[in-house]
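Survey of secondary and tertiary structure
Listed here are the chains, written in short residue letters.
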Amino acid sequence: MIKEIIDLQRNSKATCAIVTNDDYSKLYPSVTMKANVSDKFLLTGDKPPFAEKIDNKCNLTKICYFVITGIDELSVEDQNRYVGLVKDREMNGYCLPDNCIIVFTVKDRMGLKKVSQELYHFAVVAF
């Protein structure tokens, strides 16, 4: 993992990073969520369930990471529900803090081939 490339995404709009499943634990402080959560989980309530955790982490430090694991295990359609989060930095009325970097994980280099074209368009591969 090339952490410097990931950290350069801070304060950048419409960008995310991709790392392997083995590397994301080196990113601290972070909030982690599995990519395969249901729409009901993501879109229920006034804010997404991860919003408060991200706000708490990002208020304490210069950079924080929102890690979404296993993006390569989803169908292209399910992956594309995260495009708005990356492109607009918003989901269900909640806007990510500027110092929050979105990071997706894949199993390995071959997993990059399974990432949707729409999502990959906004991604920086950091391994």
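Provided above is the structure to which this section pertains.
Residues numbered from 1 in each chain as written. Predicted model: local features only at pLDDT ≥ 70, side-chain atom pairs only at ≥ 80, totals over all residues. Heavy atoms only, no water.

Quick notes on the overall build of the chain
- Along the backbone of the chain there are 6 helices and 7 strands.
- Mapped in sequence order, the helices and strands of the chain form the string α-β-β-α-α-β-α-α-β-β-β-α-β.
- In terms of overall size, the chain behaves like a compact globule, its C-alpha atoms giving a radius of gyration of 13 Å where 127 residues would be expected to give roughly 14 Å.
- Overall size of the chain, expressed as C-alpha extent along the three principal axes, is 35 × 30 × 20 Å.
- A burial count over the chain gives 47% of its 127 residues as buried.
- Taking the contacts inside the chain whose residues are at least 6 apart along the sequence as the reference set, 77% of them involve residues at least 24 apart.
- Of the roughly 6,800 Å² of accessible surface on the chain, 49% is carried by carbon and sulfur atoms. (Helix = DSSP H or I, 4+ residues; strand = E, 2+ residues; numbered from the N terminus. Rg over C-alpha atoms; globule rule 2.2 N^0.38 Å. Buried < 20%, exposed > 50% of the residue type's maximum accessible area, 1.4 Å probe, protein only. Contact = heavy atoms within 4.5 Å. Areas by Shrake-Rupley, 256 points an atom, 1.4 Å probe, with all protein chains shown as cover.)

Things to note about the packing of aromatic side chains
- Across all of its chains, the model carries 3 aromatic pairs by this definition.
- Pairing Phe50 with Phe66 gives two aromatic rings, centres 4.5 Å apart and planes at 35°, and the pair type is tilted. On the criterion of sequence distance, the pair formed by Phe50 in the loop between α2 (39–43) and α3 (51–59) and Phe66 in strand β3 (residues 64–69) is long-range, its members being 16 residues apart.
- Classification of Phe66 as buried rests on a relative accessible area of 0%.
- An angle of 65° between the planes, with centres 6.0 Å apart, marks the rings of Tyr82 and Phe104 as edge-to-face. Taken as a pair, Tyr82 in the loop between α4 (76–79) and α5 (83–88) and Phe104 in strand β6 (residues 100–106) lie far apart in primary sequence, 22 residues in all.
- According to the relative accessible area criterion, Tyr82 is buried, its value standing at 0%.
- Residue class for Phe104 comes out buried when judged on its relative accessible area of 1%.
- Pairwise contacts between aromatic rings join Phe50, Phe66 and Tyr94 into one cluster. (Phe/Tyr/Trp six-rings, centres within 6.5 Å; stacked < 30°, edge-to-face > 60°.)

A closer look at α3
- Those residues of α3 lying buried are Ala51, Ile54 and Cys58. For α3, the angular spread of buried residues about the axis comes to 65°, placing them on one side. For α3, exposure combined with an orientation more than 90 degrees from the buried face picks out Glu52, Lys53 and Asn59.
- Lining the buried residues of α3 we find β2 (30–34), β3, β5 (94–95) and β6. (Arc of directions from axis to C-beta.)

Quick look at the environment of Ile102
- With respect to the secondary-structure elements, Ile102 resides in strand β6.
- Separated by 92 residues in the primary sequence, Ile102 and Arg10 place their C-alpha atoms 9.2 Å from one another.
- Setting aside anything within four residues of it in sequence, one finds Ile102 in contact with Thr15, Cys16, Ala17, Phe66, Ile68, Leu85, Val86, Arg89 and Leu96.

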